[in-house]
Amino acid sequence: MQANTTASEMTPPHAQPEQAAIALDTPIQRGAQTITDIVLRKPRSGELRGLTLTDLLQMEAGALIKLIPRISTPMLTEPDMNRLDPADLTQMGTAVAGFLLPKSAKVADSLPV
């Protein structure tokens, strides 16, 4: 007799989506709110719609500006992204590129697994 197994039963309960915490070099000021840290999560395929994976892997600014608001907490807006310090965009782009690489291509301790 064969038991039925659902996807949720196959996934360990402690497994969480991949995330990267980014401490901003230059905080984002949004009205009275000051954003000093951003958490990015690994995008799902639908969130990549309209973007080129090659552009994201090459950290092309326009592609990152479109994707990051879809995967950031707190959610950044396009105006937030346009005012972002280039060093912070680079940090976020590095995290995004790491999310897109297969685990076999990642070097230990250099990119999020």
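All values derive from a computational prediction rather than experimental measurement.

With respect to the pairing of strand β2 (residues 33–41)
Link 1 in the chain: Strand direction decides the pairing type here: strand β1 (residues 19–30) and β2, joined by 8 bridges, are antiparallel. Pairing of Gln 19 across the sheet is with Arg 41, part of β2.
Link 2 in the chain: Here β1 hands over to β2 after 2 residues, with Gly 31 in that stretch at a positive phi of 65°.
Link 3 in the chain: As paired elements, β2 and strand β3 (residues 72–73) share 2 bridges and run antiparallel to each other. Its bridge partner being in β3, Leu 40 is matched across the sheet by Ser 72.

Structural notes on the confidence of the model for the protein chain
Link 1 in the chain: Residues of the protein chain with pLDDT of at least 70 account for 78%, and the chain-wide mean is 84.
Link 2 in the chain: Averaged over each element, pLDDT in the protein chain is lowest for helix α1 (residues 7–10) (45) and highest for helix α3 (residues 61–71) (97).
Link 3 in the chain: Taken together, the stretch residues 1–16 has pLDDT below 50 and engages in 2 contacts with residues farther than four places along the chain or on a different chain.

About the criteria used
- Residues numbered from 1 in each chain as written.
- Predicted model: local features only at pLDDT ≥ 70, side-chain atom pairs only at ≥ 80, totals over all residues.
- Heavy atoms only, no water.
- Pairing = 2+ DSSP bridges.
- Helix = DSSP H or I, 4+ residues; strand = E, 2+ residues; numbered from the N terminus.
- pLDDT = per-residue confidence, 0-100.
- Contact = heavy atoms within 4.5 Å.

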